[in-house]
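Analysis of the macromolecular model
If you want the building blocks of each chain, they are given just below.
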Amino acid sequence: MAPIEILKFPTSSPADLSPLKRLREAGYDPSQIIAVVGKTEGNGCVNDFSRTLASAVWEPQIPSEAVTIFSGGTEGVLSPHVTFFLRAQGDKATGLSAAVGHTRDFAPHEVGTPTQAEQVAATTSELIDQLKTTPDQVHLVLVKCPLLTSEKLQEIRAQGKVPLTTDTYESMARSRYASAVGIGAALGEIQDADIPGSLASGLTWSAKASCSSGAELENCHILVLAATPVQGARLHAVSRPMQDAMDAESILSLIDVAKKDGGEVVQVFAKAEADPSGHVRGSRHTMNTDSDIHSTRHARAAVGGLIAGLVSDAQIYVSGGAEGQGPSGGGSLCLVYRTKA
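So, here's what we can say about the structure. These numbers were taken from a predicted model, which means no experiment stands behind them. (Residues numbered from 1 in each chain as written. Predicted model: local features only at pLDDT ≥ 70, side-chain atom pairs only at ≥ 80, totals over all residues. Heavy atoms only, no water.)

**Details of the nonpolar core**
One finds Phe85, Leu96, Leu225, Phe269 and Val336 to be the most contacted residues of the largest nonpolar core, which totals 23 residues. Discounting residues that sit within four places of it in the chain, Phe269 has contacts with Val37, Phe85, Leu140, Leu142, Tyr317, Ser332, Leu333, Cys334 and Val336. Ranked by size, the runner-up nonpolar core spans 21 residues in total, among them Val238, Ile251, Ala258 and Val311. (Core = buried A, V, L, I, M, F, W, Y, C linked by side-chain atoms within 4.5 Å. Buried < 20%, exposed > 50% of the residue type's maximum accessible area, 1.4 Å probe, protein only. Contact = heavy atoms within 4.5 Å.)

What follows is the structure, given as structure tokens:
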């Protein structure tokens, strides 16, 4: 097991490293960091360089084996922040464990393909084995994955290959979906042999996957979070996918678990998407037909506002584009809370 502590702090910009000072004041050292997971105030699209800036300033500050996962887009009341996943002091059990890793780098023509899904599945399985846990104890698998740019499309064509898509924004969705399918395979939600078929169908989803794509990396950064029940546990994780963008019931059910346990919410990790059917609970929505603002931005604002209001905290991790990450139109949801030891 790798027991962890989780702390989060606000940021004033994607390049703000002041959380390191706050971390030290809390009695921790940067050498204990295994992951920095953050929300940055870019547009969350292909050209969101706030993610690139955050990665560039944070990666030299953390151990080489640690990972960064930055999700762009803080629409509505969402507030920029970073969440630290830290090795617990003295490796003392806390109730949660986590492991991080990287896939190999992907060639541009591999992005969004079965190759990417298979690599994510293999690395996620390795991390679960490292934790000596079981898939049913895993509550969240966070992945940062690559996308295609105009330059990468030119490279694919120069090699005489056919790109998976020529739309760079669509490549974000295809990469997220491939990563989600890989997570589903690692957790036993689908069979490994079904990876190509699952990608082709577009219908497979994982209840524990949270994937975000960006131009700041060529491989996948992966974090696996698992509950490790121990006597006197201080940290706990509960999860349940949202059925749609208005699914307050699922969020409230997790909050109720924390309240009954006398706990305080530490962080919420959620995926959000505009229902591709064009309707939510029978009512037509216009998120998918807005030519000014992409649907992922609408979805982040809507789901972010819903969750922030219910937990009274704007520093939550809500990521747009939930292809394969929870049911269609909904999204995966994980709540971490702390109790007194």
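There's more to say after this.
**Describing the packing of helix 3 (residues 114-130) against helix 5 (residues 168-186)**
Running from N to C, helix 3 and helix 5 point in directions that differ by 40°, and their axes come no closer than 7 Å. When the axes of helix 3 and helix 5 are compared, the pair comes out oblique. For helix 3 against helix 5, the interelement crossing comes out right-handed. On the side of helix 3, the interface is formed by Gln116, Ala117, Val120, Ala121, Thr124, Ser125 and Ile128, while helix 5 contributes Ser175, Ala178, Ser179, Val181, Gly182, Ile183, Ala185 and Ala186. Classifying every residue of the contact of helix 3 with helix 5 by side-chain character gives nine nonpolar, six polar and no charged. (Axes fitted to C-alpha atoms, helices over the stretch in contact; angles between N-to-C directions. Helix = DSSP H or I, 4+ residues; strand = E, 2+ residues; numbered from the N terminus. Parallel < 35°, antiparallel > 145°, perpendicular 65-115°, else oblique. Left-handed = near helix turned anticlockwise from the far one by under 90°. Nonpolar A, V, L, I, M, F, W, Y, C, P; charged D, E, K, R; others polar.)

**Points about the pattern of salt bridges**
Pairing between side chains of opposite charge can happen when the charged atoms of each approach one another. A complete count under the given rule lists 14 salt bridges for this structure. Linking Arg51 and Asp48 is a salt bridge whose minimum nitrogen-to-oxygen distance equals 3.9 Å. As a salt-bridge pair, Glu249 and Arg240 come within 3.9 Å of each other at their nearest N and O atoms. On the accessibility criterion, Glu249 (57% relative accessible area) is exposed. Of the residues examined, Arg240 reaches a relative accessible area of 33% and is grouped as partly exposed. (Salt bridge = Lys/Arg side-chain N within 4 Å of Asp/Glu carboxyl O.)

**Brief notes about the packing of aromatic side chains**
Counted under the stated rule, the structure contains four aromatic pairs. Seen in terms of ring centroids, Phe85 and Phe269 are 6.1 Å apart; in terms of plane orientation they differ by 40°. Their pairing is tilted. With Phe85 in strand 4 (residues 81-87) and Phe269 in strand 10 (residues 264-272), the pair connects residues that are 184 residues apart, well separated along the chain. Phe85 sits in the buried class, given a relative accessible area of 0%. On the basis of an interplanar angle of 50° and a centroid distance of 5.8 Å, the ring pair of Phe269 and Tyr317 is categorised as tilted. Taken together, the positions of Phe269 in strand 10 and Tyr317 in strand 13 (residues 317-320) put the pair 48 residues apart, joining distant regions of the chain. Looking at Phe269, the relative accessible area reads 1%, which means it is buried. The exposure class of Tyr317 is buried, given its relative accessible area of 1%. Among the aromatic residues, those joined into a cluster by ring pairs are Phe9, Trp58 and Phe84. Just above the ring of Tyr317 sits the side chain of Lys39; from NZ or CZ to the centre is 5.9 Å. (Phe/Tyr/Trp six-rings, centres within 6.5 Å; stacked < 30°, edge-to-face > 60°. Lys NZ or Arg CZ within 6 Å of the ring centre and 35° of its normal.)

**Some points on the environment of Gly324**
Looking at where Gly324 falls in the secondary structure, it is placed in the loop between strand 13 and strand 14 (333-338). Along the chain, Gly324 and Asn288 lie 36 residues apart, while their C-alpha atoms are 18 Å from each other. Every residue in contact with Gly324, bar those within four places of it in the chain, is listed here: Tyr177, Ala180, Thr204, Trp205 and Ser206.

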